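Each chain, letter by letter, is given below.
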Amino acid sequence: MSAGLKAVIFDMDGVLMDSEDLWRQAMIQAYGEFGMPVSIEQCKQTMGMRIHEVTQLWLKHFNSKAANNEVVDRVVALLLNLIEKEGKFIAGIPEILDHLQQKQIPMGLATSSSVELMEAILHKLGIRHYLKSRVSAEALTFGKPHPEVFLNCAAELKIAPQYCLVIEDSLNGVIAAKAAQMKVIAVPDSDHQKDQRFLVADYLYTTMPETLPLIRKLF
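Residues numbered from 1 in each chain as written. Predicted model: local features only at pLDDT ≥ 70, side-chain atom pairs only at ≥ 80, totals over all residues. Heavy atoms only, no water.

Draft legend 1. Seen up close, helix 5 (residues 93-102). Within the sequence span of helix 5, burial applies to Ile93, Ile96, Leu97, His99 and Leu100. All buried residues of helix 5 fall inside an arc of 165° around its axis, so they share one side. Looking at the packing, one finds that the buried side of helix 5 touches strand 1 (7-10), strand 2 (107-111) and helix 9 (212-218). Immediately beyond the C-terminal end of helix 5, within one or two residues, lies Gln104, with a positive phi of roughly 60°. (Buried < 20%, exposed > 50% of the residue type's maximum accessible area, 1.4 Å probe, protein only. Helix = DSSP H or I, 4+ residues; strand = E, 2+ residues; numbered from the N terminus. Arc of directions from axis to C-beta. Contact = heavy atoms within 4.5 Å.)

Draft legend 2. Broad picture of the packing of helix 1 (residues 20-33) against helix 3 (residues 51-61). The interhelical angle for the contact between helix 1 and helix 3, taken along N-to-C directions, is 40°, at an axis separation of 12 Å. Here helix 1 lies oblique to helix 3, going by the angle between them. For the element pair helix 1 and helix 3, the recorded crossing hand is right-handed. Where helix 1 abuts helix 3, its residues Trp23, Met27 and Tyr31 lie against Ile51, Val54, Thr55 and Trp58. When grouped by side-chain class, the residues that make up the contact of helix 1 with helix 3 number 6 nonpolar, 1 polar and no charged. (Axes fitted to C-alpha atoms, helices over the stretch in contact; angles between N-to-C directions. Parallel < 35°, antiparallel > 145°, perpendicular 65-115°, else oblique. Left-handed = near helix turned anticlockwise from the far one by under 90°. Nonpolar A, V, L, I, M, F, W, Y, C, P; charged D, E, K, R; others polar.)

Draft legend 3. Molecular detail of empty space enclosed by the protein. For the coordinates displayed, the defined rule picks out 1 cavity of 30 Å³ or more. Volume-wise, the largest cavity comes out at about 250 Å³. Glu20, Trp23, Met47, Gly48 and Met49 are the residues nearest the centre of the largest cavity, which is lined by 21 residues in total. Those elements that provide at least two residues to the lining of the largest cavity are helix 1 and helix 3. At 4 residues, helix 1 tops the list of elements feeding residues into the lining of the largest cavity. Considered class by class, the residues forming the lining of the largest cavity number 7 nonpolar, 6 polar and 8 charged. (1 Å grid on protein atoms, 1.4 Å probe; cavity = no way out; pocket = protein on both sides within 12 Å on 5 of 7 lines; lining within 4 Å. Points joined across faces, edges and corners; volume = space filled by probe spheres on them.)

Draft legend 4. Region of interest: the packing of aromatic side chains. Throughout the structure, instances matching the rule amount to 1 aromatic pair. Aromatic side chains Trp58 and Phe62 sit 6.3 Å apart centroid to centroid with 50° between the ring planes, which places their arrangement in the tilted category. Trp58 gets classed as buried once you look at its relative accessible area, which sits at 5%. (Phe/Tyr/Trp six-rings, centres within 6.5 Å; stacked < 30°, edge-to-face > 60°.)

Draft legend 5. Up close: the nonpolar core. Residues Phe10, Tyr31, Ile93, Leu100 and Phe219 are the most contacted members of the largest nonpolar core, which totals 54 residues. Per-element tally for this core: the top contributor is helix 4 (residues 68-86), with 8 residues. Among residues more than four places away in sequence, those in contact with Phe10 are Val15, Leu16, Ile93, Ile96, Leu97, Leu100, Met107, Gly108, Leu109, Ala110, Leu131 and Ile167. Counting residues in hydrophobic clusters, the runner-up holds 24 residues, among them Ile9, Ala137, Cys153 and Ala154. (Core = buried A, V, L, I, M, F, W, Y, C linked by side-chain atoms within 4.5 Å.)

Draft legend 6. Local environment of a negative patch on the surface. A cluster of acidic residues, Glu70, Asp73, Glu116 and Glu138, forms a negative patch at the surface. Examined against the element boundaries, Glu138 turns out to sit in the loop between strand 3 (133-136) and helix 7 (148-157). For Glu138, a relative accessible area of 41% gives the class partly exposed. (Patch = residues over 30% accessible without salt bridge, like charges linked within 9 Å, V, L, I, M, F, W, Y side chains within 5 Å. Areas by Shrake-Rupley, 256 points an atom, 1.4 Å probe, with all protein chains shown as cover. Salt bridge = Lys/Arg side-chain N within 4 Å of Asp/Glu carboxyl O. Lys, Arg positive; Asp, Glu negative; His and termini not counted. Charge placed at Lys NZ, Arg CZ, Asp CG, Glu CD.)

Draft legend 7. Focus on the pattern of salt bridges. In the structure shown here, the tally under the stated rule is 12 salt bridges. Here Glu33 makes a salt bridge to Arg74, at a shortest N to O gap of 2.7 Å. One end of the pair, Glu33, is in helix 1; the other, Arg74, is in helix 4, with 41 residues separating them in the sequence. Among the ionic pairs, Glu168 bridges to Lys144, the shortest N-O distance being 2.8 Å. Of the two residues, Glu168 sits in strand 4 (residues 164-168) while Lys144 sits in the loop between strand 3 and helix 7, which places them 24 residues apart along the sequence. By the burial criterion, Glu168 is buried, and Lys144 matches it.

What follows is the structure in structure tokens.
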């Protein structure tokens, strides 16, 4: 093991499950139904934020009188259906999980998504047993880019933050993990790979399978 690392904390959407596009489909349809024609590009700008925060942003932008909870409930209902029908692993994740389990490395999950969505994705992928800690930022005081969700996950794992390695795909998530004083592997999607702000991460890759040699070296 290198650099004293003792645990791995995963983001969920876009890291464990290929769900960012499912999120965008659900948001575009739901927001459109409430008279808020949000584009794919606009959806990409809010990656890593909590859904209530994203919805409030667009309610204000479109000067809508719709209730935040009502809009969020519609987004989530559409997303849960898409997850059940189309949800699949990010390529390379099964191999990473298996390697870390074989090495008896504690693993956690720190997500901006709700507990309901977290449980739906873990059930769909069948990976709940890998994760000793599963933390949603849904009910926390702060969401990413604040480090609270990562710090809570590390506390549940009983591992000091500086000994945790985070795997993230969003800039908000990378900032949150670095603010928690953790090491970070960033794997941004193809639309964000040229964003120079991702250079704040300790390691930067374009696809998840490319991270496996590093993870085998670190653990």
